[in-house]
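Okay, here's what each chain looks like letter by letter:
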Amino acid sequence: MPRARHHPRRALDSDGNPVITTKGLTKVYQSRGRQVTALDGVDLHVREGEVFGVIGQSGAGKSSLIRCVNLLERPTSGTVTVDGTDLTALAGRGRRPNKDLRAARSRIGMVFQHFNLLSSRTVRDNVELPLEILGVSCAERTRRALELLDLVGLADKAKAYPTQLSGGQKQRVGIARALAGNPKVLLSDEATSALDPETTRSILHLLRDLNRQLGLTVLLITHEMDVVKTVCDSAALMEKGKVVETGTLADLLATPGSQLARELFPVTGDASGPDSTVIDVTFHGETATQPVISQLSRTYNIDISILGAAMDTVGGRQVGRMRIELPGRYEENVVPVGFLREQGLQVDILPAGGTETATPAPVTETLVKEAAK
Ligand SMILES: Nc1ncnc2c1ncn2[C@@H]1O[C@H](COP(=O)(O)OP(=O)(O)O)[C@@H](O)[C@H]1O
Ligand SMILES: [Mg+2]
């Protein structure tokens, strides 16, 4: 293994060590005499040891962001700092990356949607490629490559050629190659988009394991909410070149009106009639395990209907949302609602009348349609 340190899983707090920071990152492409603003002042903070997901519709600027983070793409303005090094300052003015930038980049692994393996090279030789470029000796390269293939579960495929592998196996090779330079951070642009759901799960678990075993910080781009829910500690939502929401999943869930939270935990259900109050309650942390709803019912002697619910484990923590209905209009329910808030629950009152009508079409729906294209 590149680094045999074992990192105890620790709670990430909002002032954890930033490993990737972008400030005012802008990218404007010149395309056929037109200007396209792909990134419009992006401030991103990815903390050490976390898996950070960037989600957004096609064209939102996700790929531009990740390509600017390792300076594959030169930002138009703004700064990118990775592991304490200001890459934008290293990039200089020339077209070709200088030695310092190349060295800094070797500490950043990159995994691609279409694997980008060389078909004329064996699996082992593909993994050795970045080490060749770094000038590592032949014997050492081979040793490392075999070690990395073992790490990704492909020890027996060293001599195979990419065409002899399944999509999931190809992506494992892509991941082993990305780890060759012993990177501190791993960037992944839609690494699982070309894979079936089961293979997607196994690749995600691999990324999560690497994150834990090696203390690797992972910045991944996806258009699938499930990916975010399964592996991410934090997430950002991008729209039109801007980050419109960002935070740990727990923080997002605790943010009233958060679009990401709503899409991570969609709840539905309509009021039974006009004379009732419909509330979305979000449980996280300790509140998830307390019987608040039955306490509410007993304390105020009211009948509560559960219209919809979704419980899940996010980043190892139990969270959930529940849509409940209380008899009577909101004015009559101010006290019970206050009770729920006192219990540390997040409470969103739905507008009287149509429940779901005020909600814009969820991003995921559009994303799923796009993925199907
Ligand atoms: N090399 C390029 N030249 C011109 N326009 C580009 C280039 N790359 C991306 N774009 C444009 O920038 C915007 C953001 O693209 P991209 O970063 O690929 O978004 P995403 O990965 O979220 O789909 C889009 O409008 C896209 O057409
Ligand atoms: Mg993209």
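No experiment lies behind these values; they were computed from the predicted model shown. (Residues numbered from 1 in each chain as written. Chains lettered and ligands numbered in written order. Predicted model: local features only at pLDDT ≥ 70, side-chain atom pairs only at ≥ 80, totals over all residues.)

**Things to note about the overall build of the protein chain**
If you tally the helices and strands in the protein chain, you get 13 helices and 14 strands. Contacts spanning at least 24 positions in sequence make up 70% of the contacts within the protein chain whose residues lie at least 6 apart. (Helix = DSSP H or I, 4+ residues; strand = E, 2+ residues; numbered from the N terminus. Contact = placed C-beta atoms within 7 Å.)

**Considering the sheet that holds strand β2 (residues 34-47)**
A sheet is described by the order of its strands in space; here 4 strands give the open sequence β2-β1-β4-β5, paired in antiparallel fashion. If you trace the sheet from one side to the other, it starts and ends with β2 and β5 (85-86), each paired once. As paired strands, strand β1 (residues 18-31) and β2 are joined by 11 bridges and run antiparallel to one another. In the sheet register, lysine 27 faces β2, and the bridge partner there is leucine 39. (Pairing = 2+ DSSP bridges.)

**Side note on the packing of helix α4 (residues 123-133) against helix α5 (residues 138-151)**
In contact at an axis separation of 9 Å, α4 and α5 are set at 125° when each is read in the N-to-C sense. Comparing their axes, α5 and α4 come out oblique. Viewed along their axes, α4 and α5 form a crossing whose handedness is right-handed. Together, Val123, Arg124, Val127, Glu128, Leu131 and Glu132 of α4 and Arg141, Thr142, Arg144, Ala145, Leu146, Leu148 and Leu149 of α5 make up the contact between the two elements. (Axes fitted to C-alpha atoms, helices over the stretch in contact; angles between N-to-C directions. Parallel < 35°, antiparallel > 145°, perpendicular 65-115°, else oblique. Left-handed = near helix turned anticlockwise from the far one by under 90°.)

**With respect to the pairing of β1**
Here β1 folds back onto β2 in antiparallel fashion, the turn holding 2 residues, of which arginine 32 has a positive phi close to 45°. Note that β1 and strand β4 (residues 77-82) share 5 bridges and pair antiparallel. Its bridge partner being in β4, isoleucine 20 is matched across the sheet by valine 82.

**Some remarks on the sheet that holds strand β3 (residues 51-56)**
On the basis of which strands lie adjacent, the open sheet formed by 6 strands has the order β6-β7-β8-β3-β9-β10 and mixed pairing. Two strands in the sheet have a free side with no partner beyond their single neighbour: β6 (108-111) and β10 (242-248). The sheet shows a mean angle of 15° between the axes of neighbouring strands, direction not considered. When β3 meets strand β8 (residues 217-222), the two strands line up parallel, connected through 5 bridges. Directly across from valine 51, in β8, lies its bridge partner valine 218. Across the sheet, helix α1 (residues 62-69) lies against β3, β7 (185-189), β8 and β9 (234-239), angled at about 155° from β8, the strand it touches most.

**Things to note about the confidence of the model for the protein chain**
Summary statistics for the protein chain give a mean pLDDT of 86 and a share of 87% for residues scoring 70 or more. Under a pLDDT of 50 for its full length, residues 1-14 has, in the predicted model, 18 contacts with residues more than four places off or in other chains. Contacts of residues 355-373 to residues separated by more than four positions or lying in other chains number 21 contacts, the stretch itself having pLDDT below 50. (pLDDT = per-residue confidence, 0-100.)

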